[in-house]
Amino acid sequence: MSDPAASLWNNGHTTPFVELDRADWAALAPTTQLPLRETEIVQLRGLGEPLDLGEVTDVYLPVSRLLNLYAAGASQLHRATSDFLGERARRTPFVIGVAGSVAVGKSTIARLLRELLARWEDTPRVELVTTDGFLFPNAELARRGLMARKGFPESYDRRSLLRFVSAVKGGAAEVRAPFYSHLNYDIVPDAQIVVRQPDVLIVEGLNVLAPPATGHGLTVSDLFDFTVYVDARTQDIARWYVERFLRLQRGAFSNPKSYFHRYATMTEDEARREARRIWDEINEPNLVQNILPTRSRATLVLRKDENHAVSKVLLRKL
Ligand SMILES: Nc1ncnc2c1ncn2[C@@H]1O[C@H](COP(=O)(O)OP(=O)(O)O)[C@@H](O)[C@H]1O
Ligand SMILES: CC(C)(COP(=O)(O)O)[C@@H](O)C(=O)NCCC(=O)O
């Protein structure tokens, strides 16, 4: 898959990333002190995903340690800047962006990182928000002719997302974000997510690494201290999307309140075709046109194999 930004570095001489295969990355784990007890690892499984424990210790524990080190470094730098300005340093949260395709496993990774980071010293209070809360409500999307473009950059209220992250980073006592319900397939008018001065804020969403809409000005990625891009082969992600759709069809869609309740009575073949249509018409074009081109902007790229196991880790060193 072509990645225009990567061509800057692909001149045969240099790349901004150091690339480690899984074994080399996992070898870093024993030197990191384990912040999890066995019982806690079992609790992590309760997140609802079939997470392999080897995956947690080999891959995500070292990631959480690295994030914890970066958070300590950022806090020192922040103090030094305040000293330089002759100001009293105020605590500011370390902000992490998690990007990647629909169905690549962003939510699973973001929730796991929240649990792991909270167990390290200095970062006990971790909040997680997903950018779907900043999608325009369906009525507004329909008005703009964007109902078939949910998840594309223009389907979000990007100014409001930028304001939200700025306020959290600026140390506001309490900041509210809108809430998107997958059951309703829409923003819930009176529901909100409240963030209160966390040590770490994780912002997870398809397009969090996208450049500014107008090509200039600030965008949310300018406020991130660290970004993770979750990567996999497009054909594997398409399969994960269809499998998740089939699970939802048998589960959540059977709820009469679900926007997709009409899918509940489909045969498996019909549901498979419908999922494939949504993937082909919306999610894959969004991946190819908007999401994949942002991969080389990430600090860390986690490349998954066909079974969700991380096979390669790329860490930005330049
Ligand atoms: N590490 C993993 N091991 C096994 N299955 C996973 C893993 N991560 C995600 N999945 C599955 O892949 C699908 C997509 O994951 P999810 O976290 O919902 O993706 P996203 O938030 O990117 O849309 C889900 O069905 C989930 O159960
Ligand atoms: C809600 C989403 C846009 C993802 O939002 P995110 O939190 O990543 O910003 C996506 O899951 C979605 O619903 N896409 C629309 C196409 C589809 O029905 O899959």
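Cut-offs and rules
Residues numbered from 1 in each chain as written. Chains lettered and ligands numbered in written order. Predicted model: local features only at pLDDT ≥ 70, side-chain atom pairs only at ≥ 80, totals over all residues. Heavy atoms only, no water. UniProt positions renumbered as here; feature names shortened; annotations may be inferred. Helix = DSSP H or I, 4+ residues; strand = E, 2+ residues; numbered from the N terminus. Pairing = 2+ DSSP bridges. Axes fitted to C-alpha atoms, helices over the stretch in contact; angles between N-to-C directions. Contact = heavy atoms within 4.5 Å. Parallel < 35°, antiparallel > 145°, perpendicular 65-115°, else oblique. Left-handed = near helix turned anticlockwise from the far one by under 90°. Nonpolar A, V, L, I, M, F, W, Y, C, P; charged D, E, K, R; others polar. Expected span 1.5 Å × (residues − 1). Bend = angle between axes of the 7 residues up to and from the residue. Polar contact = N/O pair within 3.5 Å; in protein donor to acceptor, adjacent residues only side chain to side chain. Core = buried A, V, L, I, M, F, W, Y, C linked by side-chain atoms within 4.5 Å. Buried < 20%, exposed > 50% of the residue type's maximum accessible area, 1.4 Å probe, protein only. Near = heavy atom within 4 Å. Areas by Shrake-Rupley, 256 points an atom, 1.4 Å probe, with all protein chains shown as cover. Lys, Arg positive; Asp, Glu negative; His and termini not counted. Salt bridge = Lys/Arg side-chain N within 4 Å of Asp/Glu carboxyl O.

## Comments concerning the UniProt feature "domain: Phosphoribulokinase/uridine kinase" (unreviewed entry) in the protein chain
Inference 1: Residues given the UniProt feature "domain: Phosphoribulokinase/uridine kinase" (unreviewed entry) here are residues 95-234.
Inference 2: From the first C-alpha to the last, residues 95-234 spans 28 Å; its make-up is 22% helix and 28% strand.

## Regarding the sheet that holds strand β6 (residues 200-204)
Inference 1: The mixed open sheet is built from seven strands, whose spatial order is β1-β9-β8-β7-β2-β6-β3. Lying at the two open borders of the sheet, with one neighbouring strand each, are β1 (17-21) and β3 (126-130). The mean inter-strand angle of the sheet, taken between neighbouring strand axes irrespective of direction, is 20 degrees.
Inference 2: Set on the sheet, helix α3 (residues 53-85) makes contact with β2 (94-100), β7 (226-231), β8 (300-304) and β9 (310-316); between it and β9 the angle comes to about 15 degrees.

## Things to note about the packing of helix α7 (residues 234-250) against helix α8 (residues 268-291)
Inference 1: At a minimum axis separation of 9 Å, α7 and α8 run at an interaxial angle of 135 degrees. Here α8 runs oblique to α7, going by the angle between their axes. Where α7 crosses over α8, the handedness of that crossing is right-handed. Residues T234, I237, A238, Y241, V242, F245, L246, Q249 and R250 of α7 lie in contact with α8, whose contacting residues are E268, A271, R272, E274, A275, R276, I278, W279, N283, E284 and L287.
Inference 2: Broken down by class, the residue content of the contact of α7 with α8 amounts to eleven nonpolar, three polar and six charged.

## A closer look at the packing of α3 against helix α4 (residues 106-117)
Inference 1: At a minimum axis separation of 10 Å, α3 and α4 run at an interaxial angle of 65 degrees. The element α3 and its partner α4 pack so that their crossing is right-handed. Contacts between α3 and α4 involve V56, Y60, L61, V63, S64, L67 and N68 on the former and, on the latter, I109, L112, L113, L116 and L117.
Inference 2: Here the contact of α3 with α4 is composed, by residue class, of ten nonpolar, two polar and no charged.

## A short note on unusual backbone geometry
Inference 1: The backbone of A103 shows a phi angle near 75 degrees, a positive value even though the residue is not glycine.
Inference 2: You can see A103 is positioned in the loop between β2 and α4.
Inference 3: Phi is positive for D122, which is not a glycine, with a value near 80 degrees.

## Considerations on α3
Residues spaced three or four apart along an α-helix face the same direction, because each turn holds 3.6 residues.
Inference 1: With 33 residues, α3 ought to run about 48 Å at 1.5 Å a step, and its terminal C-alpha atoms sit 46 Å apart, in line with that.
Inference 2: At Y60, α3 is deflected by roughly 40 degrees, the largest bend along its length, and proline P62 occurs up to four residues later in sequence.
Inference 3: You can read the cap of α3 off the contacts: a side-chain oxygen lies 3.0 Å from the backbone nitrogen of G54, and it is on D52.
Inference 4: G86 lies just past α3 and shows a positive phi near 70 degrees.

## Focus: the nonpolar core
Inference 1: In this structure, I96 and F164 are the most contacted members of the largest nonpolar core, which totals 86 residues.
Inference 2: The leading source of residues in this core is α3, at eight residues.

## Quick notes on the site of ligand 2
Inference 1: Around ligand 2 there are 15 residues in total, and T131, D132, Y156, Y241 and N283 lie nearest to it.
Inference 2: A distance of 3.0 Å separates an oxygen atom of ligand 2 from a polar backbone atom of D132.
Inference 3: A total of 470 Å² of accessible area belongs to ligand 2 in isolation, and the protein chains cover 91% of it.
Inference 4: Residue composition of the shell around ligand 2, by class: seven nonpolar, six polar and two charged.

## A look at the side chain of K150
Inference 1: Inspection of the secondary structure assignment puts K150 in the loop between α5 (138-143) and α6 (158-169).
Inference 2: There is no salt bridge for the buried K150, and the closest opposite charge comes from D186, which lies 5.5 Å off by N-O distance.
Inference 3: Side chain to side chain, K150 and Y180 meet in a polar contact 2.8 Å long.
Inference 4: For K150, the side chain forms a polar contact with the main-chain oxygen of Y185, separated by 2.7 Å.
Inference 5: With sequence-adjacent residues up to four places away left out, K150 is seen in contact with L135, N138, L141, S155, Y180, Y185, D186 and I282.

## Observations regarding the UniProt feature "binding site: ATP" (unreviewed entry) in the protein chain
Inference 1: Annotation from UniProt places "binding site: ATP" (unreviewed entry) at G100, S101, V102, A103, V104, G105, K106 and S107.
Inference 2: For A103, a relative accessible area of 11% translates into the label buried.
Inference 3: Setting aside residues no more than four positions away along its own chain, A103 makes contact with I237, W240, Y241 and R244.
Inference 4: Mapped onto the elements, K106 comes out in helix α4.
Inference 5: K106 gets classed as buried once you look at its relative accessible area, which sits at 7%.

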